[in-house]
Amino acid sequence: MRSVKRNWMAALALAAGLVPAMVTSGVSEAAVTASWPTPTAQVPVGATIKLSGTTDGGLKRYYGVGDLGTGGQSEDQDPIFDLADKAVLKNVILGSPAADGIHCLGTCTLINVWWEDVGEDAATFKGTSASQTMTIDGGGARKASDKVFQHNGPGTMYIRNFQVSDFGKLYRSCGNCSKQYARHVVVDKVTATAPGKALVGINTNYGDTAKLTNITIVGDTNKKIVPCQKYKGVTSGEPTSIGSGPDATNCLYLTSSIVYR
């Protein structure tokens, strides 16, 4: 049988079923920073808005008031939007304060959603099945002192065509949830502008994987933003940082997939 050469990342990612047959080793010109949208209207939100089906926000700015208007980092805040399984939310701007952003209770899709000043988290994936997905396509987030996207349940999160600036982590697999799972994240065509701490944080002891392609990092001369931070997750207490960098098991990327500008 004819021998076919593949790099280790392509072979492993294909086996995991996380990416298509072709793996891009370079950074696409599509990974650029788009202009932030101008809100078409202002919508104060005093109680969580529950959504199902497809909702087009018309690029209105939604922001918290009352119980949703603290703007703090408390871990027990309610979200601005609560998305049912298979819900789609598009063309929305979350202003400040944004409380706990958006909760996805199953498979969900966020298209062209923008966070002007991330509250506790921009969005949280609370799936219940390994087959469920959360897809963030387009949009951007800034001023996230901690996490942008939090992954609590099982399943796979896709982040693509996205921009982030002034952030802690773009993605974090829950480090100390009382029930832990193998979680997966696929990040493609993302522009990250310093300051920032890490693109993704995953728990290698639970079998998490992170696939990174077409990443552009801007303004990080000393390369302080960690592409893939590894942790030993726990079910109580605090997780432990255990290293970073590409490998053949958890942090699936090539150094050539990340360009610094």
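Since the model is a prediction, treat every value here as computed from it, not as a measurement.

The rules we used
Residues numbered from 1 in each chain as written. Predicted model: local features only at pLDDT ≥ 70, side-chain atom pairs only at ≥ 80, totals over all residues. Heavy atoms only, no water. Helix = DSSP H or I, 4+ residues; strand = E, 2+ residues; numbered from the N terminus. Buried < 20%, exposed > 50% of the residue type's maximum accessible area, 1.4 Å probe, protein only. Contact = heavy atoms within 4.5 Å. Areas by Shrake-Rupley, 256 points an atom, 1.4 Å probe, with all protein chains shown as cover. Pairing = 2+ DSSP bridges. Polar contact = N/O pair within 3.5 Å; in protein donor to acceptor, adjacent residues only side chain to side chain. Core = buried A, V, L, I, M, F, W, Y, C linked by side-chain atoms within 4.5 Å.

Asks: Outline the overall build of the protein chain, listing residues and values.
Replies: The helix and strand tally for the protein chain stands at 1 helix and 17 strands. Per-residue burial for the protein chain yields a buried fraction of 49% across its 261 residues. Counting contacts in the protein chain only where the partners sit at least 6 residues apart, residues at least 24 apart contribute 63% of the total. As displayed, the protein chain has an accessible area near 11300 Å², and 51% of this comes from carbon and sulfur atoms.

Asks: Residues and numbers for the pairing of strand E5 (residues 87–94), please.
Replies: With 6 of 8 residues buried, E5 lies mostly within the body of the structure. The pairing of strand E3 (residues 54–64) with E5 spans 6 bridges and is classified as parallel. Each residue of the ladder has a partner; that of Lys60, found in E5, is Val92. Inspection of the sheet shows E5 paired to strand E7 (residues 108–115) by 7 bridges, in the parallel sense. Pairing of Lys90 across the sheet is with Ile111, part of E7.

Asks: Could you give an account of the side chain of Gln163, with specific residues and numbers?
Replies: Note that Gln163 resides in strand E11 (residues 155–173). At 3.3 Å, the side chain of Gln163 and the side chain of Trp36 are in polar contact.

Asks: Talk me through the nonpolar core; I want residue IDs and the actual numbers.
Replies: The nonpolar side chains of soluble globular proteins are, as a tendency, buried together. The biggest cluster of nonpolar side chains holds 52 residues, and the ones touching the most others in it are Ile102, Trp115, Phe149 and Ile159. In contact with Trp115, not counting residues within four places along its chain, are Trp36, Leu94, Gly101, Ile102, Leu110, Ala122, Ala123, Gly140, Ala141, Arg142, Phe149 and Phe162.

Asks: Can you explain the environment of Gly64? Please cite residues and give values.
Replies: With respect to the helices, strands and loops of the structure, Gly64 is situated in strand E3. What makes Gly64 buried here is its relative accessible area of 4%. For Gly64 and Gly101, which are 37 residues apart along the polypeptide, the C-alpha to C-alpha distance reads 9.4 Å. Residues in contact with Gly64, not counting those within four places in the same chain, are Val45, Gly69, Ile80 and Pro97.

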